[in-house]
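# An overview of the molecular structure
Each chain, written out:
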Amino acid sequence: MILQPEQKLKQIRELKNLSQEYIANQLGLSVRAYSKIETGETQLTINRLNEISRIMGVDPIEVLGFDDKNIFNIHNSTGNNGYNYINFPDKLVQQYEQTIQSLKEQIALMKLLMEK
């Protein structure tokens, strides 16, 4: 039995840093209509799961088997050095890199101010 596929969609969407608005627009739905899918108010169909999975760039089977408790867990298994690997969206990585660079610049400025 697959438990709470709607909740799994929400968790994956958030991990991929996608908004409900973005998914809704891609589906041609209102944000409220999409929100009802994620909350389970509207029944999730196989066709809709396929559409949402495509938009999020994941296999529908991965959505159904998604377990947020295993994302960052380290375990002993052969072939992957005991780590679960996650592919973060390039946009998210770029945002983190920009934030890091900005913080480095702020630190350098603070050091200059403290020296004076």
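The preceding data block contains the structure.
The shown structure was predicted, so the numbers you read here are calculated from the model rather than taken from an experiment. Numbers given to residues run from 1 along each chain, matching the order in which its sequence is written. The predicted nature of this model means local features are confined to residues of pLDDT at least 70 and side-chain atom pairs, given and counted, to a pLDDT of 80 or more, with totals for whole chains, interfaces and linings taken over all residues. The side-chain numbers reported here are obtained from all heavy atoms of the structure, hydrogens and water having been left aside.

## Some thoughts on the environment of Q26
Numbering of helices and strands runs from the N terminus; a helix is a DSSP stretch of H or I covering at least four residues, while a strand is a stretch of E covering at least two. Within the secondary structure, Q26 is located in helix α2 (residues 20-27). Among the residues examined, Q26 registers a relative accessible area of 44% and is labelled partly exposed. Buried means the residue's accessible area, taken with a 1.4 Å probe over protein chains only, is under 20% of the maximum for its type, while exposed means over 50%, and partly exposed covers the values in between.

## Topic: the pattern of salt bridges
Here, a salt bridge means any side-chain nitrogen of Lys or Arg that lies within 4 Å of a carboxyl oxygen of Asp or Glu. Evaluated as defined, the whole model comprises three salt bridges. With a closest N to O distance of 2.6 Å, E38 and R13 form a salt bridge. Placement of the pair is E38 in helix α3 (residues 31-39) and R13 in helix α1 (residues 5-15), with a sequence separation of 25 residues. R13 carries the same exposure label as E38, and that label is buried. The salt bridge partner of R48 is E51, with a shortest N-O separation of 3.0 Å. In this pair, R48 and E51 both sit in helix α4 (residues 46-56), three residues apart, roughly one turn of the helix.

## Some details on the packing of α2 against α4
Note on definitions: angles span 0 to 180 degrees between N-to-C directions of axes, and those axes are lines fitted to C-alpha atoms, for helices only across the stretch in contact. One can describe the packing of α2 onto α4 by two numbers: an axis separation of 10 Å at closest approach and a directional angle of 120°. The orientation of α2 with respect to α4, classified from their angle, is oblique. Regarding α2 and α4, the two cross each other, and that crossing is right-handed. For the pair formed by α2 and α4, the contact residues are Y22, I23, Q26 and L27 on the first element and R48, E51, I52, I55 and M56 on the second. In the contact of α2 with α4, the residues fall into six nonpolar, one polar and two charged. Relative orientations are named as follows: roughly parallel for angles under 35 degrees, roughly antiparallel for angles over 145 degrees, roughly perpendicular for angles from 65 to 115 degrees, and oblique for any other angle. Each crossing gets its handedness from the near helix: less than a right angle anticlockwise from the far helix is left-handed, clockwise is right-handed. Contacts are assigned to residue pairs with any non-hydrogen atoms lying within 4.5 Å of each other. Side-chain classes follow a simple rule in which Ala, Val, Leu, Ile, Met, Phe, Trp, Tyr, Cys and Pro form the nonpolar group, Asp, Glu, Lys and Arg form the charged group, and the remainder, Gly included, forms the polar group.

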